[in-house]
Amino acid sequence: EDKAVRTPCIVFDPNELFTTEILTIYKEQVEQMPDITKQVFTLKTEGRSYKEIADILHISIKKVDKELQKATAKLRESLKDYLSVLVVFFTLLEK
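Within any chain, residue numbers begin from 1 and follow the written order of that chain's sequence. Reporting in this predicted model follows two pLDDT cut-offs: at least 70 for local features of residues, and 80 or more for side-chain atom pairs to be given and counted; totals over whole chains, interfaces and linings ignore these cut-offs and use all residues. Side-chain numbers here rest on the full set of heavy atoms in the structure, without hydrogens or water.

## Let's talk about helix 3 (residues 50-57)
Threshold: For each residue, the accessible area found with a 1.4 Å probe, counting protein chains only, is set against the maximum for its type, and the residue is called buried under 20%, exposed over 50%, and partly exposed in between. The helix count covers DSSP runs of H or I at least four residues long, the strand count covers runs of E at least two residues long, and both are numbered beginning at the N terminus. An arc is given here, and it is the one of the directions from the helix axis to the C-beta atoms.
Those residues of helix 3 that fall on the buried side of the exposure criterion are Ile53, Ala54 and Leu57. Down the axis, helix 3 shows its buried residues gathered within 100° of arc, on one side only. The positive-phi residue at the C-terminal boundary of helix 3 is His58, with phi of around 60°.

Structure (structure tokens):
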């Protein structure tokens, strides 16, 4: 009789895990943005043009551009370390 202890196999989908974590970071960062930055960024993610955003919020197109730069810089900074881990993880998976 085989008395070997069987370890349960834990299966996880790395894509789901990383997607969930990235979305969590993304949502947290958007929530922490100043109101005008958040509004501009949200309208842009909804597919609005710079001109449409400027008209809706009664700000200049230059201000739209500035706020989008701030938003993307904040997101890029908050995700940079995490994305480096993704590259290493998927490189190891290929071996």
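On we go.
## What to know about the pattern of salt bridges
Pairing is possible between side chains of opposite charge, provided their charged atoms come close. Which entries qualify depends on this criterion: When a carboxyl oxygen of Asp or Glu lies within 4 Å of a side-chain nitrogen of Lys or Arg, that pair is called a salt bridge.
The full count for this structure, using the stated rule, is five salt bridges. In this structure, the salt-bridge partner of Glu67 is Lys63, at a minimum N-O distance of 2.9 Å. Residue Glu67 and its partner Lys63 are both found in helix 4 (residues 61-94); the two are separated by four residues, about one turn of the helix. Put simply, Glu67 and Lys70 hold a salt bridge, and the shortest N to O gap is 3.2 Å. Linking Glu67 with Lys70, this pair stays in helix 4, spanning three residues, or about one helical turn. Using a relative accessible area of 39% as the deciding quantity, one classes Lys70 as partly exposed.

## Overview of the packing of aromatic side chains
Heads up, the condition is: Any Phe, Tyr or Trp ring, taking Trp's six-membered ring, that has another such ring centre within 6.5 Å forms a pair; planes under 30 degrees apart are called stacked, those over 60 apart edge-to-face, and the others tilted.
According to the stated counting rule, one finds one aromatic pair in the structure shown. Summarising the aromatic geometry, the rings of Tyr26 and Phe41 are spaced 6.1 Å apart at their centres and angled 55° between planes, so their arrangement reads as tilted. Placement of the pair is Tyr26 in helix 1 (residues 14-32) and Phe41 in helix 2 (residues 35-45), with a sequence separation of 15 residues. Classification of Phe41 by relative accessible area gives buried; the value is 9%.

## With respect to helix 2
Every buried residue belonging to helix 2 is among Thr37, Lys38, Val40, Phe41 and Leu43, and all of these are buried. Positioned one or two residues after helix 2, Gly47 has a phi angle of 95°, which is positive.

## Some details on unusual backbone geometry
Its identity as a non-glycine residue notwithstanding, His58 has a phi of 60°, on the positive side. Checked against the element boundaries, His58 lands in the loop between helix 3 and helix 4.

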